[in-house]
Amino acid sequence: MATAGPRCRQGGAAMASLAAAEPPAPRAASRSPALGPSRSGGERRSNAADAAQDTQSRSVDFDYIIALLGDSGSKDLEKEQLKTLKKVIKHFENGFPLKDVAQITDILNLCAERMCEQEAFTEPLCELIKLFGLPFQKRKSSDEANYSVEVSQSITHLAYLMSLESSQVRIQICKSVVNFFNTELPGKLLSGYQPTSPNYKIRMAEIGGLAEILVLSLKLVENQLTEKLWVLKALQHLSTSEESCEQMVHVQGASRLCLCLNGADPSGQLLFRSSDILWNLLEKASKEEVVYQLRSLECVHALKEAFLELVFGFRHCDHQLRNDLLVIATLLAESPAVPLIESGFAKILIVLATCTEVKLHNPLVKGFKLTYSYEDFEMKKLLFNIIAVLSKDPSAAQLLNESHVIPALLYYVKQNQRSGFPNWSAAQYEELQLHALAVLASVAPLLVDKYLSCHANTLLLAFLEWCMSQDTFFGGGNSFHGKGGRGTKIAQMRYSLRVLRSVVALYDDAVTNNLCDQGAISQLLDILKYAADKYKEKESIALLDIQADILFILSVLCEDDNDRKELFSCEGIGMLVSYLKMDPRKLCSDTGHNCLILSALDCLWSCVIGCFLAEESFIEKQGVFLLLDLLAIKDNNMCHIILGILVEFSDNPKTVLHMSIWKGKRGRTAANVLIQLWRQEEQDLGVKRDQYGKIVDTKRPLITSFQRQQKVIPLPASCPSFSINEVAESIRAKIYLLFCKLGFQNLPGLSAKDVATLAIIQHFIDFKIGEVWSEISAEIKEEFRPVTSDERTLKLISEVSEYTGRMVLGLQIEALERQHHQEIQEEKEIYKELQATQIKKEMINKSWKNFLAQTSNYEALKKAKMHQKTLIEASRSKAKIHDAPENSTDIPKLHTTISNYSPGSADLTLKTWRGRDEDHRELFMMWLDLW
């Protein structure tokens, strides 16, 4: 017969508490394969070789055993049952074959039923359970997959035996589960069998939901310490698996385990194992779900009490476990829903973090003594970290203020000593110092008044001055916060500036005035120059962060104050210009240069624009040229801010002049760069244009793809429409303003396509007005029907906007046709030049052929000579000048010889002849060309 589990009166209610439904029953005994011939005489295997391999197991008749255990009656029957069970246990003392696991499970369940009636069955039941801790044995490699269902169900049945009210059985079940993780092989195996893979049982336990059942069984062993410890030990092993952790979380395992932390246990194993499982759940299961289960006030109280017990412990293991609980508390503190403040746990943690720096007597930490061991050092860092986490919760501000967190953190804002500080080594103190500065950057914005009352700005500026000094201190650079600061004080400088940045970012006048009154601007410029020089020597991310932070601080300090801008311009302009000359290739790297150049541009906007002297100094140092160089790179992150800066600078006439004469790579002008940016922006926004850049939609030429998809939504008058928002979000308005300064006519370096785009830019404001009126009209018609006069007005406005679009389209077509005509004319000119060149080549070839003919044919030479004489005679003037002196044209003893072009040809000697007019000279040149 098939059994689904032990039927015991005492265990029935407990069984129901373990799961909503019983596990699937194993295969019925009537269909279970026996190791030997059954009473019906059937053979399971027909293969003779397989039968030979099972010689050792054929002596066990499972059908007989299951039937025997199913009967109940006399004392003699009970003895027979016990005797049979001992034989089975002896036979399988080295482990169960996979093919027999289903029948063994039936025997196990029947034995559990007998145990509920007779205590004598407890021992054989425990022995059978013990054998489950041994590796299963397989005959074939495929047996693991073939019998996986039976094995997983068998392990599930084993776990459900935890419902039996027997301490011995429960402990043995847990021991067997722990043995699942034992990779040691049994000393002897059945003939023809081999053990299953080491992690096979673990996989089957995950499939069978073993972890889930064991977590539910914690309620059954709530008052039995030994049994509870064994259950926790089994769960501790199972929690190394992600799937088992997920199963534990599924049945509220985190909250159940947290409530076990404070159980009475002199050995301390209860706290250790519970916290270790919780740690594994946070690591391997859903962290959010675990924190959600631990958010109850009861769980937080349990965690607090366990922590306090360990804080005052003296053993090394107590200190380690205390730090583990601190990590769990930190993870809980990250969730605002966890009542860490309401439970008083947060106050205890903060007081512990500050008690050594601020000497205040607090009863919460009475008797606490810091031993300055490595575990105490780790605890100190964890407590600092919890303060940083709590600072993100505004409700913790009052608690942080009352606990004097700011003075405690400022305790570390002082120069380091090479020998270290009392009780801490130099390396440990440096790590605590950097950690304290990092936490101060988080806490200071929350407690500004306390920050100012402690003169924190003064301390930080003095500390920064020490960071630049030639002190013999050298940082270790071993900690997380000390990265990049080995051998220097760069790490201290970096985190000190980060504190200043965090408070300056509040834009609080009290903070900025306090800094400026102490000469922070000049000191920050000195630090900026120092960091830039150091970066040239050796590149470092820490130095990049320092420069970016200083530029941001200066931006806030100098904003809206001309006196501070003038003070900045004395040395700061040169620094900004050096940043603008940065190699463009570095902007594409991941080393932080992009952030640095953006900080420099932000500083330029805040510290230079608006101050005439600063603007003049920047322009004189070719700052406008450098901005245009950066703009030509077409970096989307920088285009907005650079165009905004140029718009602000364009009020200065010198800026427009510099923009007009600027030349980029390949002779690009500022107008050309701006037009290309406009086209790229429209392409990104999905504005409709044809391949030549002409307008496609004359009614709404500027509309983007997002606006086309957006439905008409009536908005209140105080809420800007999509068209208005688009002006602020895109760069088209800035480009239009710059062209208003540069002008729209006679701009060099523009192609016809550029001119077509420029026509759109020139009428940007007209198109935008029409677009806004189109939105107004759509909103009005969405709500109600306008009166006739208003409808006529709206229609007229729409027609005017469309007319403007058609007019601009006509200008674009005209410009493109003009370019096309010009290209045709240029093509004709080029063709004429090619034709003339070809004719000249043909004449040269003809002349050369005639020359060759003269050199090889005497008759041809005589004919050419006669032709030459004829031309000479024809060139002579027929008119006779009366009363004019006779001048001889011959020069004595002068002979002009033309080279011989062939052997035997006679030299040709010509007397110098000079014509009296241009016609004669032309004839002479023709004659000369002939030869």
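Residues numbered from 1 in each chain as written. Predicted model: local features only at pLDDT ≥ 70, side-chain atom pairs only at ≥ 80, totals over all residues. Heavy atoms only, no water.

### Some words on the overall build of the protein
The condition that has to hold: Working definition: helices are DSSP H or I runs of at least four residues, strands are E runs of at least two. Numbering for both runs from the N terminus. A simple rule labels every residue: compare its accessible area, found with a 1.4 Å probe on the protein chains alone, to the largest value its type can have, and call it buried under 20%, exposed over 50%, or partly exposed in between. Two residues qualify as a contact provided that any one of their heavy atoms is within 4.5 Å of a heavy atom in the partner residue. In short, Shrake-Rupley with a 1.4 Å probe defines the accessible areas, and a residue's cover is counted only from the protein chains shown.
In terms of regular secondary structure, the protein is built from 46 helices and four strands. Here the protein holds 931 residues, and the buried ones make up 49% of them. Within the protein, counting contacts between residues at least 6 apart in sequence, those at least 24 apart form 76% of the total. Total accessible area computed for the protein in this model is approximately 47,500 Å², and 52% of it derives from carbon and sulfur atoms.

### Observations regarding the packing of aromatic side chains
The description of an aromatic ring pair uses the distance of the two centres, along with the angle that the planes make with each other. Definition in use: Note on ring pairs: Phe, Tyr and Trp rings are taken, using the six-membered ring of Trp, and paired if centres are within 6.5 Å. Classes follow the plane angle, with under 30 degrees stacked, over 60 edge-to-face and the rest tilted. Lysine and arginine charges are scored as sitting over a ring when NZ or CZ, respectively, is within 6 Å of the ring centre and within 35 degrees of the ring normal.
Counted according to the given criterion, the structure contains 15 aromatic pairs. Considering the side-chain rings of Tyr412 and Tyr429, the 5.6 Å spacing of their centres and the 35 degrees angle between planes classify their relative orientation as tilted. Of this pair, Tyr412 sits in the loop between helix H22 (405-410) and helix H23 (426-443) while Tyr429 sits in helix H23, and the two are 17 residues apart along the sequence. In this pair, the class of Tyr412 matches that of Tyr429, namely buried. When the ring centre of Trp466 is taken as origin, the NZ or CZ atom of Lys489, which lies over that ring, is 4.8 Å away. The ring of Trp678 has Arg732 lying over it, and the distance from NZ or CZ to the ring centre is 5.9 Å.

### Overview of the nonpolar core
Basically, it comes down to this: Put simply, buried Ala, Val, Leu, Ile, Met, Phe, Trp, Tyr and Cys residues joined by side-chain atoms within 4.5 Å make one nonpolar core.
The biggest cluster of nonpolar side chains holds 251 residues, and the ones touching the most others in it are Leu281, Leu497, Leu627, Leu631 and Phe739. Of the residues forming this core, the biggest block, 13 residues, is contributed by helix H29 (residues 541-558). Leaving out residues up to four positions away in the same chain, Leu281 has contacts with Cys245, Met248, Val249, Gly253, Ala254, Leu257 and Val290.

### Looking at the environment of Gly574
Within the secondary structure, Gly574 sits in helix H31 (residues 572-580). Linking Gly574 and Lys621, residues 47 residues apart in sequence, is a C-alpha distance of 8.0 Å.

### Details of the pattern of salt bridges
Condition: Salt bridges are identified by distance alone: a Lys or Arg side-chain nitrogen within 4 Å of an Asp or Glu carboxyl oxygen.
Evaluated as defined, the whole model comprises 29 salt bridges. In this structure, Lys380 and Glu357 form a salt bridge, with 3.0 Å as the shortest nitrogen-oxygen distance. Residue Lys380 is located in helix H20 (residues 374-390), and its partner Glu357 is located in the loop between helix H19 (345-354) and H20; the two are separated by 23 residues in the primary sequence. Both residues of the pair, Lys380 and Glu357, count as buried. The salt bridge involving Glu726 is made with Lys768; its shortest N-O contact spans 2.8 Å. Of this pair, Glu726 sits in helix H40 (residues 722-729) while Lys768 sits in helix H43 (residues 764-783), and the two are 42 residues apart along the sequence. Of the two residues, Glu726 and Lys768, neither departs from the other in class, the shared state being buried. Residues joined in a network through salt bridges with shared partners are Glu682, Arg689, Glu726, Arg732, Lys768 and Glu771.

### Quick look at unusual backbone geometry
Backbone geometry places His404, a non-glycine residue, at a positive phi of 60 degrees. Position of His404 relative to the elements: it lies in the loop between helix H21 (397-402) and H22. In the Ramachandran plot, Arg666 falls in the positive-phi region, its phi being about 60 degrees despite a non-glycine side chain. Mapped onto the fold, Arg666 is located in the loop between helix H37 (653-661) and helix H38 (670-685).

### Overview of a nonpolar patch on the surface
Heads up, the rule is: Candidates for patches are residues over 30% relative accessible area with no salt bridge; among them, like charges are joined within 9 Å and nonpolar side chains (Val, Leu, Ile, Met, Phe, Trp, Tyr) within 5 Å.
Taken together, the side chains of Ile765, Ile769, Trp773 and Ile776 make up a nonpolar region of the molecular surface, amounting to roughly 330 Å² of accessible area. For Trp773, the location among the structural elements is in helix H43.

### Some thoughts on helix H33 (residues 593-607)
Here is the rule: Multiplying one less than the number of residues by 1.5 Å gives the expected span of a helix.
The first and last C-alpha atoms of H33 sit 20 Å apart over 15 residues, in line with the 21 Å expected at 1.5 Å per residue. With eleven of 15 residues buried, H33 lies mostly within the body of the structure. For H33, the set of buried residues is His593, Asn594, Leu596, Ile597, Ser599, Ala600, Leu601, Cys603, Leu604, Ser606 and Cys607.

### A short note on the packing of helix H28 (residues 520-537) against H29
Put simply, the rule is: Axis lines are fitted through C-alpha atoms, for helices just across the contact stretch, and the angle between N-to-C directions can take any value from 0 to 180 degrees. Here the angle decides the label: under 35 degrees means roughly parallel, over 145 means roughly antiparallel, 65 to 115 means roughly perpendicular, and every other value means oblique. Here a crossing is taken to be left-handed if its near helix is turned anticlockwise relative to the far helix by less than a right angle, and right-handed if that turn runs clockwise. Nonpolar residues are Ala, Val, Leu, Ile, Met, Phe, Trp, Tyr, Cys and Pro. Charged residues are Asp, Glu, Lys and Arg, and all others, Gly as well, are polar.
It is at 9 Å that the axes of H28 and H29 come closest, and there the two elements cross at 155 degrees. Taken together, the axes of H28 and H29 lie roughly antiparallel to each other. Crossing of H28 against H29: the hand is left-handed. Mapping the contact onto sequence places Ala520, Ile521, Leu524, Leu525, Ile527, Leu528, Ala531, Ala532, Lys534 and Tyr535 in H28 and Leu543, Leu544, Ile546, Gln547, Ile550, Leu551, Ile553, Leu554, Leu557 and Cys558 in H29. Partitioning the contact of H28 with H29 into residue classes produces 18 nonpolar, one polar and one charged.

### Brief notes about the packing of H23 against helix H26 (residues 490-504)
It is the contact of H23 with H26, at a shortest axis distance of 8 Å, that shows an interaxial angle of 15 degrees. By the angle between their axes, H23 is roughly parallel relative to H26. Relative to H26, the crossing made by H23 is left-handed. In this structure, H23 contributes Glu430, Gln433, Leu434, Leu437, Ala438, Leu440 and Ala441 to the contact, and H26 contributes Ala491, Gln492, Tyr495, Ser496, Arg498, Val499 and Ser502. Residues that form the contact of H23 with H26 fall into these classes: eight nonpolar, four polar and two charged.

### As for the confidence of the model for the protein
The cut-off we apply is this: A score from 0 to 100, pLDDT tells how confident the predictor is in each residue.
Overall, the predicted model of the protein reaches an average pLDDT of 82, with 85% of residues at or above 70. In the predicted structure, residues 9-58 sits below a pLDDT of 50 and forms 92 contacts with residues beyond four places in sequence or in another chain. Every residue in residues 897-920 is under pLDDT 50, and counting partners more than four places away or in other chains gives 33 contacts.

### Some words on H20
End to end, H20 covers 25 Å across 17 residues, agreeing with the expected 24 Å (1.5 Å per residue, within 8%). Counting buried positions over the 17 residues of H20 gives 14, a clear majority of the element.

### Looking at the side chain of Glu616
With respect to the secondary-structure elements, Glu616 resides in helix H34 (residues 612-620). A relative accessible area of 11% means that Glu616 is categorised as buried.

### Let's talk about the side chain of Lys694
As for its placement among the helices and strands, Lys694 is situated in the loop between H38 and helix H39 (705-709). When sequence neighbours within four positions are dropped, the list of residues in contact with Lys694 reads Lys688, Arg689, Leu809, Gln812, Ile813 and Leu816.

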